[in-house]
Amino acid sequence: MSDLAPGPGRVRQSRIYRDGVLGSRPAVPTDFAGLERAARKALSAQAWAYVAGGAGEGRTMRNNREAFDGWAIVPRMLRGGGARDLTRTVLGTPLPVPFLLAPVGAGQLVDEDADLHTARAAAATGVPYVFTNQAGTPLERTAAAMGDAARWMQLYWSTDEGLVDSLIQRAENAGAGALVVTLDTTVLGWRPQDLNLGSLPFARGLGIGQYTSDPRFTELVDERVRRARPGERPKVTLAAIRSLLSITRHHPGSFRANLRSPNPRAAVETFLDIYSNPLLSWEHIATLRGRTRLPIVLKGILHPDDARRAFDHGVDGIVVSNHGGRQVDSAIASLDALVGVRDAVGPDATVLMDSGIRTGADVFTALALGADAVLLGRPYMYGMAVAGQRGVEEVIANVAAELDLTMALAGVRSLAEITRDLLVPRRR
Ligand SMILES: Cc1cc2nc3c(=O)[nH]c(=O)nc-3n(C[C@H](O)[C@H](O)[C@H](O)COP(=O)(O)O)c2cc1C
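Residues numbered from 1 in each chain as written. Predicted model: local features only at pLDDT ≥ 70, side-chain atom pairs only at ≥ 80, totals over all residues. Heavy atoms only, no water.

### A word on the overall build of the chain
- Looking only at helices and strands, one finds 18 helices and twelve strands in the chain.
- The C-alpha radius of gyration of the chain comes to 22 Å, within 12% of the 22 Å expected for a compact globule of 428 residues.
- Across its three principal axes, the chain shows a C-alpha extent of roughly 75 × 55 × 40 Å.
- A total of 428 residues make up the chain; the buried ones form 55% of that total.
- Sequence separation of 24 or more characterises 75% of the internal contacts of the chain that already satisfy a separation of 6 or more.
- A total of about 19,100 Å² of accessible surface is found on the chain, and carbon and sulfur atoms cover 52% of it.
- Within the chain, the 45 negative side-chain charges are centred at a point lying 6 Å from the centre of the 49 positive side-chain charges. (Helix = DSSP H or I, 4+ residues; strand = E, 2+ residues; numbered from the N terminus. Rg over C-alpha atoms; globule rule 2.2 N^0.38 Å. Buried < 20%, exposed > 50% of the residue type's maximum accessible area, 1.4 Å probe, protein only. Contact = heavy atoms within 4.5 Å. Areas by Shrake-Rupley, 256 points an atom, 1.4 Å probe, with all protein chains shown as cover. Lys, Arg positive; Asp, Glu negative; His and termini not counted. Charge placed at Lys NZ, Arg CZ, Asp CG, Glu CD.)

### Remarks on the domain arrangement of the chain
- According to the domain assignment, the chain consists of domain 1 (8-193 + 277-425) and domain 2 (209-274).
- Distance between the C-alpha centres of domain 1 and domain 2: 32 Å.
- Taken together, the contact pairs 20 residues of domain 1 with 14 residues of domain 2.
- The three residues of domain 1 that bury the most area against domain 2 are Asp160, Leu163 and Arg170, which together make up 34% of that side's buried surface.
- In this assembly, domain 1 and domain 2 are joined by two salt bridges.
- Between arginine 216 and aspartate 160 there is a salt bridge, with the nearest N and O atoms lying 2.9 Å from each other.
- In terms of residue count, the dominant contributor to the side of domain 1 that touches domain 2 is helix 7 (residues 161-173) (five residues).
- Taken together, the residues of the side of domain 1 that touches domain 2 break down into seven nonpolar, ten polar and three charged. (Domains from an automatic or database assignment. Buried area = accessible area lost by both parts, 1.4 Å probe. Salt bridge = Lys/Arg side-chain N within 4 Å of Asp/Glu carboxyl O. Nonpolar A, V, L, I, M, F, W, Y, C, P; charged D, E, K, R; others polar.)

### With respect to the site of the ligand
- Around the ligand, 23 residues are found, and the nearest of them are Pro103, Thr182, Asp354, Arg358 and Arg378.
- Note that an oxygen atom of the ligand is positioned 2.8 Å from one of the side-chain N or O atoms of threonine 132.
- A distance of 2.9 Å separates a nitrogen atom of the ligand from a polar atom in the side chain of tyrosine 156.
- Considered on its own, the ligand offers 600 Å² of accessible surface; in the complex 99% of this is hidden by protein.
- Its residues assigned to classes, the shell around the ligand comprises seven nonpolar, eleven polar and five charged. (Near = heavy atom within 4 Å. Polar contact = N/O pair within 3.5 Å; in protein donor to acceptor, adjacent residues only side chain to side chain.)

### Quick notes on a nonpolar patch on the surface
- A cluster of nonpolar side chains, Val236, Ile241, Leu245, Phe255 and Leu259, forms an exposed patch at the surface whose accessible area comes to about 450 Å².
- Counting through the fold element by element, leucine 245 comes out in helix 11 (residues 238-250). (Patch = residues over 30% accessible without salt bridge, like charges linked within 9 Å, V, L, I, M, F, W, Y side chains within 5 Å.)

### Observations regarding the packing of aromatic side chains
- For the structure shown, the criterion picks out eight aromatic pairs.
- Between tyrosine 50 and phenylalanine 202 the ring centres are 6.3 Å apart and the planes differ by 90°, which places this aromatic pair in the edge-to-face class. Taken as a pair, tyrosine 50 in helix 3 (residues 45-52) and phenylalanine 202 in the loop between helix 8 (192-197) and helix 9 (209-212) lie far apart in primary sequence, 152 residues in all.
- The class for phenylalanine 202 is buried, based on a relative accessible area of 5%.
- Among the aromatic residues, those joined into a ring-pair cluster are Tyr50, Phe202, Tyr211, Phe217, Phe271 and Tyr275. (Phe/Tyr/Trp six-rings, centres within 6.5 Å; stacked < 30°, edge-to-face > 60°.)

### Here we look at the pairing of strand 11 (residues 373-376)
- Because side chains alternate across strand 11, one face comprises the buried residues Ala373 and Leu375, and the other comprises Val374 and Leu376, equally buried.
- Here strand 4 (residues 99-101) runs beside strand 11; their pairing, made up of three bridges, is parallel. Among the inter-strand pairings, leucine 101 is bridged to a residue of strand 11, identified as leucine 376.
- Bridge count for strand 10 (residues 350-353) against strand 11 is two bridges, and the pairing is parallel. Across the sheet, the residue bridging to methionine 353 is valine 374, located in strand 11.
- Of the crossover connections in this fold, the one passing from strand 10 over helix 17 (residues 360-368) to the parallel strand 11 is right-handed. (Pairing = 2+ DSSP bridges. Right-handed = clockwise from strand over helix to strand, strands pointing away.)

### Points about the packing of helix 17 against helix 18 (residues 378-410)
- For the pair helix 17 and helix 18, the least separation of the axes is 7 Å and the interaxial angle reads 60°. By the criterion of interaxial angle, the relationship of helix 17 to helix 18 is oblique. Between helix 17 and helix 18 lies a crossing whose hand is right-handed. In contact with Gly360, Ala361, Val363 and Phe364 of helix 17, helix 18 contributes Val399, Glu402, Leu403, Thr406, Met407 and Ala410.
- Residue composition of the contact of helix 17 with helix 18, grouped by class: seven nonpolar, two polar and one charged. (Axes fitted to C-alpha atoms, helices over the stretch in contact; angles between N-to-C directions. Parallel < 35°, antiparallel > 145°, perpendicular 65-115°, else oblique. Left-handed = near helix turned anticlockwise from the far one by under 90°.)

Here it is, written out as structure tokens:
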């Protein structure tokens, strides 16, 4: 690239302005508030509650955003210019820009093919996709939709160790570049938006595609069906029939055969029983190294001591995250936690961060405070709500463009130059 070549920021910006001359507008709003409004309009009440909702009174989500508002970038003059390098390699995975797509479960609420849309958008842009354990589409199909593009796999630790091994094996076979074990969801947080609607996607057969496609899980379902005694019949209401149809439609196999089979309902029950282990402990983590050849990343770390302990257990990286404020209400902002974690583990440890990243300027701030890269969550789901795969691609392009322009205007030419001294605290 010549020194005068425009970065992704100027390319994207001029495309939007040129298209504007011809009367066309970007497919998704380029500011987060507009994106969120457009997504809300496009989504059902249940989908909006699940994706946008948080734990309790929503204080952790607010903390996440206020933490970003607590820092200001101090641009430096007369030292940027020319080509900028936004690339970085994290745990052997090359990133064209310093972010990945976060694992976002139950995307089927937004679009039946959510996982495939995300996978294709990731492949088209080169941004790695962290497959969610709660996908609707089996990871093998999602991987096949991406060609050779980079993917990681996120795991919820089931109470069934055989299922844990099976999912790890499948991730390895599907070319995952890392295994991301999420620690913060040993039980589901208290989520009033979903509770008020009585809405849990998994109970309607959404977001359990990794399970219903798994040989070990299928064994568990068969066992359950064999052991079942004729019990109380559930009340027949319109909602119950709708849920049953949804479960039947989303189960592998033909709809007609599924209607007659007890297995689709047994699969949902089995899932609800075993999907996460409330007793998950460091002893489980200690077994991981012997169970996979993939780099291991622990997601959901917020305390410096937990961060140190993670690396003492031989993991390769961590994600500082409060799960987008969906688990504990009034929890520490992820960005605030990042500062203490980075200080605790030193400059060389691989530390990613998510929860509250909305724009390119946010990526800049997180990197300046010590993140090697960040994960983008809700913004890309909102892009999908508005414009499917193209919406995801545009959100990625917009965040990358703004990061690039922020770097240009702040006087930095590479990610390594995004350092703490470019920030000052703002009075909160
Ligand atoms: C709708 C939704 C579903 C999610 N599902 C998962 C999941 O299956 N596994 C996981 O590790 N994290 C999951 N997360 C958390 C994200 O990976 C990420 O930590 C979070 O979205 C970051 O917060 P932000 O989107 O507000 O920036 C989910 C988040 C949302 C919004």
